[in-house]
Amino acid sequence: MTPGAGGGRVYRVHWVPGTDTLRGICHCGAQRLAEEPVALWQWLLDHPRGHHAPTVPVADPAGRQAVPA
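Quick caveat, the model's predicted, so the values are computed rather than measured.

A word on the environment of Gly-24
Here is step 1 of the chain: Position of Gly-24 relative to the elements: it lies in strand β2 (residues 22-25).
Here is step 2 of the chain: Accessibility expressed as a relative area gives 0% for Gly-24, which makes it buried.
Here is step 3 of the chain: When the C-alpha atoms of Gly-24 and Tyr-11 are compared, they prove to be 7.4 Å apart, with 13 residues separating the residues in sequence.
Here is step 4 of the chain: Excluding anything up to four places from it in sequence, Gly-24 contacts Arg-12, Val-13, Ala-30, Gln-31, Arg-32, Leu-40, Trp-43 and Leu-44.

Written out as structure tokens, the structure is:
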């Protein structure tokens, strides 16, 4: 992914239409679904630097899986 306008990393949070679910996408492409925005941002900001995107979609505790944006 390309860096943000300030040269930093780009993190995205998308609302999943028709649900109370948010999809967080890290600069590396890793994704996670969550209903709590604070928990999602904490995961994004705590996500280790220098990591690679997972090869398998990440499942959240409720058993849902993230799908490509």
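So, the pairing of β2
Here is step 1 of the chain: Across the two faces of β2 the burial is the same, with Leu-22 and Gly-24 and Arg-23 and Ile-25 all buried.
Here is step 2 of the chain: One ladder, built from four bridges, connects strand β1 (residues 12-15) with β2; its direction is antiparallel. Within β2, the residue paired with Arg-12 across the bridge is Ile-25.
Here is step 3 of the chain: Here β1 folds back onto β2 in antiparallel fashion, the turn holding six residues, of which Gly-18 has a positive phi close to 80°.
Here is step 4 of the chain: Hairpin connection from β2 to strand β3 (residues 31-34): five residues lie between these consecutive antiparallel strands, with Gly-29 at a positive phi of about 105°.

Details of the environment of Leu-40
Here is step 1 of the chain: Take Leu-40: it is sitting in helix α1 (residues 37-46).
Here is step 2 of the chain: Sequence separation between Leu-40 and Ile-25 is 15 residues, and the spatial gap between their C-alpha atoms is 9.5 Å.
Here is step 3 of the chain: If we skip the residues at most four places from it in the chain, Leu-40 touches Val-13, Leu-22, Arg-23, Gly-24, Arg-32 and Ala-34.

Some details on α1
Here is step 1 of the chain: Looking only at α1, the buried set comprises Leu-40, Trp-43 and Leu-44. Projection of α1 onto a plane perpendicular to its axis shows the buried side chains occupying an angular sector of 100°, all on one side. Facing away from the buried surface of α1 by more than 90 degrees, the exposed residues are Val-38, Leu-45 and Asp-46.
Here is step 2 of the chain: Next to the buried residues of α1 lie β1, β2 and β3.

Conventions we followed
Along each chain, numbering runs from 1 in the same order as the chain's sequence is written. Local features in this predicted model are restricted to residues of pLDDT 70 or higher, and side-chain atom pairs are both shown and tallied only at a pLDDT of 80 or more, whereas totals for entire chains, interfaces and linings draw on every residue. With hydrogens and water stripped out, all remaining heavy atoms of the structure feed into the side-chain values. Put simply, DSSP H or I for four residues or longer makes a helix, DSSP E for two residues or longer makes a strand, and each gets a number counted from the N terminus. Think of it in three bands: residues with accessible area under 20% of the maximum for their type are buried, residues over 50% are exposed, and the middle band is partly exposed, with areas taken using a 1.4 Å probe on protein chains only. Residues count as neighbours in contact if any of their non-hydrogen atoms are within 4.5 Å of one another. A strand pair is defined by DSSP finding two or more bridges across the two strands. Each C-beta atom gives one direction from the helix axis, and the arc is the one those directions make.

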